[in-house]
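Here is how the chains run, residue by residue.
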Amino acid sequence: PIATGEVLHSAQPLVTHPSRSLFHEVCYRCLKRKAGKGDDSRGDCYFCSDACREHAEGFHGIQKKVDWSLLDDHCSSRGLKYPYMVRRLACMVISGDVGADCLDILQPAQLHQGTLIEMEEEFELLKSTFRKAGFQEELTTFLTKQWYINILARIRVNAFRIELVASSYEDLLSSAVASVTCDASVGNAVYMLPSFYNHDCDPNTHIVWLENADAKLKTLRDIDEGEELRICYIDTSMDVNARQKILTEGFGFQCRCQRCLSGD
Ligand SMILES: C[S@@+](CC[C@H](N)C(=O)[O-])C[C@H]1O[C@@H](n2cnc3c(N)ncnc32)[C@H](O)[C@@H]1O
């Protein structure tokens with residue numbers, strides 16, 4: 001058996017993106033919060049360390065060569081966040097950081113016709129933005145409508161919304177302010193192993209983030225040999241109908257966990 005509160009494993013993200021409202025407050029790569037205020041890096045992205053800056057060099061170098069104002073306008077007027085993750089992934093593929101098929105193993109969301117039409121529009125915007133920036137066609141041949149849809153369908157089901165655990169009083173205050181004034185989440189991230197945990201409305205494990213997007217899987221109770229490790233994708237305090245609605249509409253599946261089956 002595994003005891004309550006044990007950390008079973010840690011995972012580094014494959015791709016991250018900060019929340020719009022905290023863009024200049026968290027590291028552009030690992031999502032760690034900036035210590036203190038008043039930095040002058042308004043115009044550019046913030047990196048918490050040389051290591052993060054170096055790790056980001058590939059995709060950030062590509063991203064900096066392009067004028068993103070049309071995509072920014074499109075996403076901000078519609079409150080979209082996932083197209084930014086696809087953009088980052090596209091920049092990572094162009095720079096050679098990852099292969100175009102790096103998320104293929106993850107399960108995709110079922111997409112409705114309306115969602116597909118929105119995605120096609122976002123794809124055209126991304127493709128034409130690279131074209132206008134003068135990227136050679138052979139660097140972006142992977143960037144097809146199907147690639148875009150495949151990536152976004154996987155991000156929708158597998159992206160985690162990251163809320164850091166406050167590690168100091170100052171952090172606690174700033175996260176309290178952040179949760180009132182804007183989004184409590186520092187950003188979103190997709191992982192490999194954590195993507196394989198199924199959902200349960202009465203989970204036996206959960207994922208925690210301490211100071212950055214490195215995910216730690218912790219047990220919530222003692223776990224017996226052979227028991228499946230399951231996490232919860234949503235707020236468990238809602239009633240069964242509300243949970244089913246969110247899981248069906250947001251994640252594209254009907255939950256068949258014990259709690260839902262018992263109608264609790
Ligand atoms: C993040 S993936 C989890 C890993 C996935 N089962 C796999 O094999 O790659 C989420 C998908 O798993 C399935 N799933 C997860 N939890 C479920 C549950 N409680 N009831 C029914 N299907 C579930 C759904 O198809 C959902 O879209």
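Please refer to the structure placed before this passage.
Residues numbered from 1 in each chain as written. Predicted model: local features only at pLDDT ≥ 70, side-chain atom pairs only at ≥ 80, totals over all residues. Heavy atoms only, no water.

Caption draft 1: Highlighting the overall build of the protein chain. Secondary structure assignment for the protein chain yields eight helices and eight strands. Taking 264 residues into account, the globule formula puts the C-alpha radius of gyration at 18 Å, and the protein chain, at 19 Å, falls close to it. Dimensions of the protein chain, computed from the C-alpha atoms along their principal axes, are close to 55 × 45 × 35 Å. Buried residues in the protein chain amount to 43% of all 264 residues. When contacts within the protein chain are restricted to residue pairs at least 6 apart in sequence, those whose partners lie at least 24 apart make up 68%. Of the accessible surface of the protein chain, which amounts to about 14,000 Å², a share of 50% is contributed by carbon and sulfur atoms. In the protein chain, 29 positive and 38 negative side-chain charges are present, and the distance between their average locations comes to 4 Å. (Helix = DSSP H or I, 4+ residues; strand = E, 2+ residues; numbered from the N terminus. Rg over C-alpha atoms; globule rule 2.2 N^0.38 Å. Buried < 20%, exposed > 50% of the residue type's maximum accessible area, 1.4 Å probe, protein only. Contact = heavy atoms within 4.5 Å. Areas by Shrake-Rupley, 256 points an atom, 1.4 Å probe, with all protein chains shown as cover. Lys, Arg positive; Asp, Glu negative; His and termini not counted. Charge placed at Lys NZ, Arg CZ, Asp CG, Glu CD.)

Caption draft 2: Quick peek at the pairing of strand E6 (residues 205–209). Counting buried residues in E6 gives four out of five residues, a clear majority hidden from the surface. Pairing geometry for E6 and strand E7 (residues 215–219), over five bridges, is antiparallel. If you follow Ile-207 over to E7, its bridge partner there is Leu-217. Taken together, E6 and the strand that follows it, E7, pair antiparallel across an intervening segment of five residues. (Pairing = 2+ DSSP bridges.)

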